Amino acid sequence: MGHTLEAILDAAAAGRFPPPDGGTTVVPQPSPRDVGVIAFTAHSVVFTDEDPHWVHSALGALECDGLAASMNPRFLAALLDRTGRTTDTIDLLTVAASLPGDPPLELRQIADPDHPRVRRALRRRDDVRVWAADGGVLVLGRGVAGRWETAIEVDEAVRHRGLGRELARAARHLVPDGGPVWSQQAAGNARSIRAFQAAGFRPVGSEALLLPQPQPQPQR
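The rules we used
Counting restarts for each chain, with residues numbered from 1 along the sequence as it is written. Totals for whole chains, interfaces and linings use all residues, but because this is a predicted model, local features are given only for residues with pLDDT of at least 70 and pairs of side-chain atoms are given and counted only at 80 or more. With hydrogens and water set aside, each side-chain value is computed from the structure's full complement of heavy atoms. Only DSSP runs of H or I covering at least 4 residues are called helices, and only runs of E covering at least 2 are called strands; the numbering of each starts at the N terminus. Each radius of gyration reported is based on C-alpha atoms, and the globular scaling rule is 2.2 Å times the count of residues to the power 0.38. A 1.4 Å probe rolled over the protein chains alone gives each residue an accessible area, and that area as a share of the maximum for its type sets the label: buried under 20%, exposed over 50%, partly exposed in between. In this description, contact between two residues means that some pair of their heavy atoms is separated by no more than 4.5 Å. Residue burial considers only the protein chains on display, and all accessible areas are found by Shrake-Rupley using a 1.4 Å probe. Here a strand pair is declared whenever DSSP counts at least two bridges between the two strands. Stacked, tilted and edge-to-face are the three classes applied to pairs of Phe, Tyr and Trp rings, where Trp contributes its six-membered ring and a pair requires centres within 6.5 Å; stacked means planes under 30 degrees apart, edge-to-face means over 60, and tilted covers the rest. Buriedness of a pocket was judged along seven lines, with at least five required to meet protein on both sides within 12 Å; pockets are open sets of points on a 1 Å grid over the protein atoms alone, cavities are sets where a 1.4 Å probe fits but cannot get out, and lining residues have an atom within 4 Å of a point. Grid points are joined across faces, edges and corners, and a volume is the space filled by probe spheres set on the points. As a working rule, the residues Ala, Val, Leu, Ile, Met, Phe, Trp, Tyr, Cys and Pro are called nonpolar, Asp, Glu, Lys and Arg charged, and the rest polar, with Gly in that last group. Directions from the helix axis toward the C-beta atoms define the arc. Axis lines are fitted to C-alpha atoms, over the contacting stretch for helices. Their N-to-C directions set the angle, which ranges from 0 to 180 degrees. Left-handed describes a crossing in which the near helix is turned anticlockwise from the far one by less than a right angle; the clockwise case is right-handed. Helix span is expected to be 1.5 Å times the residue number reduced by one.

### Considerations on the overall build of the protein chain
Tallying secondary structure elements over the protein chain gives six helices and 10 strands in all. Relative to its length of 220 residues, the protein chain is compact, with a C-alpha radius of gyration of 18 Å against a globular reference of 17 Å. With the C-alpha coordinates of the protein chain rotated into their principal frame, the extents come out at 50 × 50 × 30 Å. Here the protein chain, with 220 residues, has 47% of them falling under the buried criterion. Within the protein chain, contacts between residues at least 6 apart in sequence are counted, and of these 62% link residues at least 24 apart. Surface exposure of the protein chain reaches about 11500 Å², of which carbon and sulfur atoms provide 49%.

See the structure below:
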């Protein structure tokens, strides 16, 4: 197993996972923005610049199944308090290989930095690119450890027509360097999970990202 989060993710994208030994690996956070936990099958990875001894001590103090400790709400709350960060939810982490050629879906790129999807994506990703389809939006950007990540949004009026699946599959054509493309889906968002898996994304683990506290916006 690699000693950086980037190496661990590259291996997971290729189907090589940490040993299912019930352990927890602590690696440095790959950037000032990215802190979090990824739980693979029977092995977790915590990426943070906090003291690894503190991480293992906090995990060992929990009264729960050791395999579930890294995603236990008490551990995540302790890590949030220690780092002064915030979080949204625990996601299913999925990945897919890129596809050649242009996507079969008609898309138009959005360059407006004030577009709501662009503003939202810039909090979590760099090199953000956004495309619109009739009834939907597709986002690509470099997220955790520089990996290419995608997110989609489908208007309520056009749901249940396969657009989510088409947008997710289009992301596999649009990833710039021909590498894998990652995506996160909230565990309760069954529609999104179905759409991404139908588009060829496979689950590799669960992920909790700890985000920097949002900065107050200046008054205009």
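### A few points about the environment of Gly36
Tracing the backbone through its elements, the reader meets Gly36 in strand S2 (residues 35-40). Residue classification places Gly36 among the buried positions, given a relative accessible area of 0%. Contact partners of Gly36, with chain neighbours within four places excluded, come to Val45, Val46, Phe47, Ala208, Leu209 and Leu210.

### Considerations on the pairing of strand S6 (residues 126-133)
Bridge count between strand S5 (residues 108-110) and S6: three bridges; the pairing is antiparallel. The partner of Ile110 across the bridge, within S6, is Val130. From the end of S6 to the start of strand S7 (residues 136-142), which pair antiparallel, there are two residues, and Gly135 there has a positive phi angle of about 95 degrees.

### Remarks on the packing of aromatic side chains
If you walk through the whole model with that rule in mind, you get three aromatic pairs. With a centroid separation of 6.0 Å and 55 degrees between ring planes, the pair formed by Phe17 and Phe40 is classed as tilted. Of the two residues, Phe17 sits in the loop between helix H1 (5-13) and strand S1 (23-27) while Phe40 sits in strand S2, which places them 23 residues apart along the sequence.

### Digging into the layout of surface pockets
Its boundaries defined by the atoms lining it, the largest pocket holds a volume of some 890 Å³. Ile152, Gln184, Asn189, Ser192 and Phe196 are the residues nearest the centre of the largest pocket, which is lined by 35 residues in total. Going through the elements one at a time, helix H4 (116-122), strand S8 (148-154), helix H5 (163-174), strand S9 (181-186) and helix H6 (190-198) are the ones with two or more residues in the lining of the largest pocket. Grouping the constituent residues of the lining of the largest pocket by class yields 12 nonpolar, 11 polar and 12 charged.

### Description of the pairing of S7
For S7, a buried count of six out of seven residues is recorded, marking the element as mostly surrounded by other parts of the structure. Relative to S8, S7 runs antiparallel, the two sharing seven bridges. Among the inter-strand pairings, Arg142 is bridged to a residue of S8, identified as Trp148.

### Here we look at H6
When H6 is considered as a whole, its buried residues turn out to be Ser192, Ile193, Ala195 and Phe196. Taken down its axis, H6 places every buried residue within 165 degrees of arc, on the same side. The secondary structure elements touched by the buried residues of H6 are strand S4 (90-96), S8, H5 and S9. Backbone geometry just downstream of H6 places Gly200 in the positive-phi region, at approximately 100 degrees.

### So, the packing of helix H2 (residues 52-60) against helix H3 (residues 73-83)
At a minimum axis separation of 10 Å, H2 and H3 run at an interaxial angle of 150 degrees. In terms of crossing hand, the pair formed by H2 and H3 is right-handed. Contact with H2, carried on its side by Trp54, Val55, Ala58 and Leu59, involves Phe75, Ala78, Leu79 and Arg82 of H3 and no other residues of that element. For the contact of H2 with H3, the residue count by class is seven nonpolar, no polar and one charged.

### Let's talk about H5
Here H5 spans 16 Å end to end across 12 residues, near enough to the 16 Å set by a 1.5 Å rise per residue. The buried fraction of H5 amounts to nine of the 12 residues, a majority that puts the element mostly inside the structure. The set of residues buried in H5 consists of Leu163, Gly164, Leu167, Ala168, Ala170, Ala171, Arg172, His173 and Leu174. Each element contacted by the buried residues of H5 is listed here: S4, S6, S7, S8, S9 and H6.

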